[in-house]
Every structure is written in structure tokens, then in C-alpha cells.
Amino acid sequence: QLEDSGGGLVQAGASLRLSCAASERTFSSYSIVWFRQAPGKEREFVAYIGWRAINTNFADSVKDRFTISRDNDKNTAYLQMNRLKPEITAIYSCAAKYFRPLRDPGVYDFWGQGTHVTVSS
């Protein structure tokens with residue numbers, strides 16, 4: 001029900017935009033979150049955008065370089081990642097839940113398949 005895309009291999013300092021597309025007409029009621037998991041590490045919160053798009057939240061490590069947005073007409077959310085650093089290399093996965101966004105991955109009902117982001121130095 002969610003499709004992650006936009007990952008790739010880039011050099012440090014480059015930008016990427018991840019997309020999270022939903023097939024549901026109820027997308028406008030979803031809060032969307034991105035988590036990431038690097039090799040050998042636990043999954044961690046990256047950012048979320050609430051269902052009304054006025055509520056956004058970022059991990060401290062990315063808040064100065066990442067932005068998040070959504071286009072409900074396209075049933076798609078976006079994570080714009082700028083000035084990328086090698087340490088952000090991970091699999092990025094979006095997830096969705098109805099209404100209120102949270103940082104806890106356990107409350108999300110729908111998940112994308114993940115997209116690889118690799119930043120070379």
C-alpha cells in the first residue's frame with residue numbers, strides 16, 4: 001500500500017528526494033513517517049509529517065538538512081535530503097498511520113518496502 005522510491009548512490013554534499021506513494025484514497029488522513037536503518041544498527045526515526053501537514057518533526061541529526069512535505073492530490077509524501085553525509089547511509093522506509101504522527105515505529109500500520117540511500121565520501 002506504500003511504495004518507497006528515490007534512493008540511490010550519491011556523493012557527499014549531494015541531495016536526494018525520497019517519495020512515499022500510497023494507493024489509498026484515504027492518504028489525506030495518514031500521517032507519514034520515515035525511519036532508517038543502517039547496517040548493524042537499530043531502526044531510527046528520521047522525520048514525520050502529520051495528516052494535516054502542519055505538524056512536522058525531525059531527528060536532531062537531520063533537522064537542518066532535511067525537509068518533509070506531502071501532496072495529497074498525488075497521494076505522495078516527500079523527504080528532501082540535502083547536503084548528504086556518508087553517515088546517513090541506510091535503508092529508508094516510510095510508514096503511515098491514521099491521524100496523529102508519532103516517533104514510535106510500533107504504532108504504524110502500513111510500511112513501504114524501503115529504499116537504499118548510500119552516500120560516498
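Every value quoted in this text rests on a predicted model; they were computed, and no experiment measured them.

About the criteria used
- Residues numbered from 1 in each chain as written.
- Predicted model: local features only at pLDDT ≥ 70, side-chain atom pairs only at ≥ 80, totals over all residues.
- Heavy atoms only, no water.
- Helix = DSSP H or I, 4+ residues; strand = E, 2+ residues; numbered from the N terminus.
- Rg over C-alpha atoms; globule rule 2.2 N^0.38 Å.
- Core = buried A, V, L, I, M, F, W, Y, C linked by side-chain atoms within 4.5 Å.
- Buried < 20%, exposed > 50% of the residue type's maximum accessible area, 1.4 Å probe, protein only.
- Contact = heavy atoms within 4.5 Å.
- Pairing = 2+ DSSP bridges.
- Axes fitted to C-alpha atoms, helices over the stretch in contact; angles between N-to-C directions.
- Salt bridge = Lys/Arg side-chain N within 4 Å of Asp/Glu carboxyl O.
- Polar contact = N/O pair within 3.5 Å; in protein donor to acceptor, adjacent residues only side chain to side chain.
- Phe/Tyr/Trp six-rings, centres within 6.5 Å; stacked < 30°, edge-to-face > 60°.
- Lys NZ or Arg CZ within 6 Å of the ring centre and 35° of its normal.

**Student:** Can you lay out the overall build of the protein for me, pointing to particular residues and giving the numbers?
**Tutor:** Along its length, the protein carries zero helices and 11 strands. Along the protein, from the amino end to the carboxyl end, the secondary structure elements read β-β-β-β-β-β-β-β-β-β-β. Taking 14 Å as the expected radius of gyration for a compact globule of 121 residues, we find that the protein reaches 13 Å, a close match to that expectation. If you line up the protein on its principal axes, its C-alpha atoms span 40 × 25 × 25 Å.

**Student:** I'd like a rundown of the nonpolar core, residues and numbers included.
**Tutor:** Counting 37 residues, the largest nonpolar core has I32, W34, L79, M81 and Y92 as its most contacted members. Contributing elements (two or more residues each) for this core: β3 (16–22), β4 (30–37), β5 (44–49), β7 (66–71), β8 (76–81), β9 (90–98) and β11 (115–120). In contact with L79, not counting residues within four places along its chain, are L16, R17, L18, W34, V46, A47, F66, T67, I68 and Y92.

**Student:** Before we move on, can you summarise the sheet that holds β7 with the specific residues and values?
**Tutor:** The four strands are arranged β1-β3-β8-β7 in an open sheet whose pairing can be described as antiparallel. With one partner strand each, in any of the chains shown, β1 (2–5) and β7 form the two edges of the open sheet. Each strand axis lies, on average, 15° off the axis of its neighbour in the sheet, ignoring direction. Where β1 lies against β3, four bridges are found, and the strand directions are antiparallel. Across the sheet, residue S5 finds its bridge partner in β3, namely S19.

**Student:** Would you mind going over the pattern of salt bridges in detail, with residue names and values included?
**Tutor:** One pass over the full model with this rule turns up two salt bridges. The residue E44 makes a salt bridge to R36 at a minimum N-O spacing of 2.6 Å. Among the residues examined, E44 registers a relative accessible area of 37% and is labelled partly exposed. A salt bridge links K63 to D60; its shortest N-O distance comes to 3.6 Å.

**Student:** Give a description of the side chain of T76 that names residues and reports values.
**Tutor:** One can find T76 in strand β8. Looking at T76, the relative accessible area reads 9%, which means it is buried. Only 2.8 Å separates the side chain of T76 from the backbone oxygen of K74, close enough to count as a polar contact. If sequence neighbours within four positions are ignored, T76 has contacts with S19, C20, A21, F27, R70 and D71.

**Student:** Quick rundown of the packing of aromatic side chains? Include the residues and the values.
**Tutor:** Using the criterion set out here, one finds 10 aromatic pairs in the structure. A centroid spacing of 5.0 Å and a plane angle of 70° characterise the contact between Y30 and Y98, whose relative ring orientation is edge-to-face. Remark: Y98 occurs in strand β9 and Y30 occurs in strand β4; sequence separation between them is 68 residues. What makes Y30 buried here is its relative accessible area of 2%. Positioned above the aromatic ring of F35, the side-chain terminus of R43 is 5.9 Å from the ring centre. Here the guanidinium or amino end of R70 rests over the ring plane of F27, the centre of that ring lying 4.7 Å away.

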